[in-house]
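# Notes for the structure review
Residue strings, one per chain:
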Amino acid sequence: MQATLKKAVMFQGVGLHSGAPARLEIHPAPAGHGIVFRRTDLNPVVDIPARWDHVTPSRLCTLMDDGKGNTLSTVEHVMAALAGTGIHNALVKVDGPEVPILDGSAAPFVRGILRAGILLQQADLRAIRVLRPVEVREGEAFARLAPADHLEIDFQIDFADAAIGHQEKRLDMANGAFLRELADSRTFCRQADVDAMRKNGLALGGTYLNAVVVDGARVLSPGGLRHQDEAVRHKMLDAMGDLALAGAPLLARYTGHRAGHAMTNRLLRALFADPTAWRWETCSPALEDRLPGAGVAAYDLAATAWGGRLGGLPQRQAMP
């Protein structure tokens, strides 16, 4: 079945690039609503569906556009949290042009969603089944979708900095794997990139507390890494959020090699441009059990540094 939140939840922080205060609220929504972002600071308010065809190419984040010049940036972490907890319908209100960066991961969003509770709705859930491989490339980088019975993510990265280097990881994203393995992994960058971005008026809200900053072999952020391979885990988190912009759960294996936000969006555009490469599929109970977020519970958080503070979390509840 489709799912939404039992009640609204609010997050407050700053925008990563603007440094301006940012407030985000996730509200329950009816079945069939999907995920929709609302810019509440504009008059009249502007709604932007969380969908691949509302993405504007951007190297540093996922940037949504309503087609009339109104944008919202850095939606990937909250989208990953919604997908990872199995939320299909929500109205996400933001009071500015940027989603708050919080701690640089999806963990605070996951925590808030689980505290609010998850409500199952009396409506069938449809997934998007990939029928044949689709791939996009740019130099050595590529992203690919291939047929699978559930969502798998396979990612490889290569960085000159010894603190990152070559990392690769592959995960079956069913049944809470996102919470256990990826949700607390933070965005990362090189100190030289931070300096360059700030000279260009970007990353003004970035700190050592909401990003992993490296310089050669050194990790400059206090406390070091949450995972030895935190960088590739965060790239997988980003891919999870960007793939959620398909508009429904994907039944596919995603492979990314040095891929980023823009390339994953190009991949979705290539998929939907070919009607022979995919089809809608109504989820059976057995299929629903293999989706990200199915049966998410408190124990899925036990392996993360932030999970132990959640205590007993409410379980999913079906709508009467």
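Below you will find a few notes about this structure. This one's a predicted model, so the numbers in the text were calculated from it and none came from an experiment.

On a plain count of helices and strands, the protein comes out with 7 helices and 21 strands. Expected size for 320 residues packed as a compact globule is a radius of gyration near 20 Å; at 18 Å, the protein falls within 12% of this value. Across its three principal directions, the C-alpha atoms of the protein cover 55 × 45 × 40 Å. Within the span of the protein, comprising 320 residues, buried residues form 57% of the whole. Pairs at least 24 apart in sequence give 74% of the contacts found in the protein among residues at least 6 apart. Of the roughly 13100 Å² of accessible surface on the protein, 52% is carried by carbon and sulfur atoms. Between the mean site of the 35 positive side-chain charges and the mean site of the 35 negative ones, the protein shows a separation of 2 Å.

This next bit is on the pattern of salt bridges. Inspection of every chain in the model, using the stated rule, returns 22 salt bridges. Residues R39 and D41 are paired through a salt bridge, measuring 2.8 Å at the closest nitrogen-oxygen approach. For D41, a relative accessible area of 37% translates into the label partly exposed. The partner of D158 in a salt bridge is R258, with the nearest N and O atoms 3.8 Å apart. One end of the pair, D158, is in strand β14 (residues 152-158); the other, R258, is in the loop between β19 (250-257) and α6 (261-273), and 100 residues separate them in sequence. By relative accessible area, which is 29% here, D158 ends up partly exposed. When its relative accessible area of 39% is taken as the criterion, R258 is described as partly exposed. Among the charged side chains, a salt-bridge network with shared partners connects R129, D149, R279 and E281.

In this section: the nonpolar core. In terms of nonpolar packing, the biggest core is built from 79 residues, with I26, F178 and Y254 touching the most fellow members. Ranked by residue count, the leading element in this core is helix α5 (residues 230-243), at 7 residues. Once you skip the residues sitting within four places of it in the chain, F178 turns out to touch A80, A81, G84, A106, V110, M173, A183, L237 and M240. Counting residues in hydrophobic clusters, the runner-up holds 6 residues, among them L125, C283, L287 and L291.

Among the secondary structure elements, E25 is positioned in strand β3 (residues 21-28). Judged by its relative accessible area of 18%, E25 is buried.

Another point: the sheet that holds strand β6 (residues 55-56). One open sheet accounts for 3 strands, arranged β6-β7-β8; its pairing is antiparallel. Unpaired on one side and paired on the other, β6 and β8 (71-73) mark the two borders of the sheet. Direction of pairing for strand β7 (residues 63-65) relative to β8: antiparallel, over a ladder of 3 bridges. When the bridges of β8 are listed, L63 appears paired with S73.

Further remarks concern the sheet that holds strand β9 (residues 90-94). In space, the 5 strands of this open sheet follow the order β2-β3-β9-β4-β5, with mixed pairing throughout. At either end of the open sheet lies a strand with only one pairing partner, and these are β2 (9-14) and β5 (46-49). Each strand axis lies, on average, 20° off the axis of its neighbour in the sheet, ignoring direction. Of the strand pairs in this sheet, β2 and β3 are connected by 6 bridges, and their pairing is antiparallel. Among the inter-strand pairings, Q12 is bridged to a residue of β3, identified as R23. Sitting on the sheet, helix α1 (residues 76-84) is in contact with β3, β4 (35-39) and β9, with an inclination near 145° to β4. Here helix α2 (residues 107-116) sits on the sheet and contacts β2 and β3; the angle it forms with β2, its principal contact strand, is near 160°.

Taking 1.5 Å per residue as the helical rise, α6 with its 13 residues ought to reach 18 Å, and the 18 Å between its terminal C-alpha atoms agrees with that figure. Of the positions making up α6, those classed as buried are H261, M263, T264, N265, L267, L268, L271 and F272.

Relative orientation of the contacting elements α5 and α6 amounts to 35°, with a least axis distance of 10 Å. Between α5 and α6 lies a crossing whose hand is right-handed. Contacts between α5 and α6 involve D238, D242 and L243 from the former and H261, T264 and L268 from the latter. When grouped by side-chain class, the residues that make up the contact of α5 with α6 number 2 nonpolar, 2 polar and 2 charged.

This part takes up α1. Among the 9 residues of α1, 8 are classified as buried, and the element is accordingly described as predominantly covered. Residues of α1 that are buried: E76, H77, V78, M79, A80, A81, L82 and G84. In the stretch just after α1, G86 is the one whose phi turns positive, near 75°.

Here we come to the packing of aromatic side chains. Counted by the stated rule, this structure contains 6 aromatic pairs. Between F11 and F109, the aromatic rings sit 4.9 Å apart at their centres with planes inclined by 65°, giving edge-to-face as the arrangement. One end of the pair, F11, is in strand β2; the other, F109, is in helix α2, and 98 residues separate them in sequence. Residue classification places F11 among the buried residues on the basis of a relative accessible area of 7%. Overall, F109 belongs to the buried group, its relative accessible area being 1%. The interplanar angle of 80° and the centroid separation of 5.5 Å between the aromatic rings of F159 and F188 together place this pair among those described as edge-to-face. Residue F159 is located in the loop between β14 and β15 (166-172), and its partner F188 is located in strand β16 (residues 188-190); the two are separated by 29 residues in the primary sequence. The exposure class of F159 is partly exposed, given its relative accessible area of 31%. Residue F188 is classed as buried on the basis of its relative accessible area, which comes to 15%. Through successive ring pairs, a cluster of aromatic residues spans W52, F272, W278 and W280. Its guanidinium or amino end placed over the ring of W280, R126 lies 4.1 Å from that ring's centre, counting from NZ or CZ.

Conventions we followed
Residues numbered from 1 in each chain as written. Predicted model: local features only at pLDDT ≥ 70, side-chain atom pairs only at ≥ 80, totals over all residues. Heavy atoms only, no water. Helix = DSSP H or I, 4+ residues; strand = E, 2+ residues; numbered from the N terminus. Rg over C-alpha atoms; globule rule 2.2 N^0.38 Å. Buried < 20%, exposed > 50% of the residue type's maximum accessible area, 1.4 Å probe, protein only. Contact = heavy atoms within 4.5 Å. Areas by Shrake-Rupley, 256 points an atom, 1.4 Å probe, with all protein chains shown as cover. Lys, Arg positive; Asp, Glu negative; His and termini not counted. Charge placed at Lys NZ, Arg CZ, Asp CG, Glu CD. Salt bridge = Lys/Arg side-chain N within 4 Å of Asp/Glu carboxyl O. Core = buried A, V, L, I, M, F, W, Y, C linked by side-chain atoms within 4.5 Å. Pairing = 2+ DSSP bridges. Axes fitted to C-alpha atoms, helices over the stretch in contact; angles between N-to-C directions. Expected span 1.5 Å × (residues − 1). Left-handed = near helix turned anticlockwise from the far one by under 90°. Nonpolar A, V, L, I, M, F, W, Y, C, P; charged D, E, K, R; others polar. Phe/Tyr/Trp six-rings, centres within 6.5 Å; stacked < 30°, edge-to-face > 60°. Lys NZ or Arg CZ within 6 Å of the ring centre and 35° of its normal.

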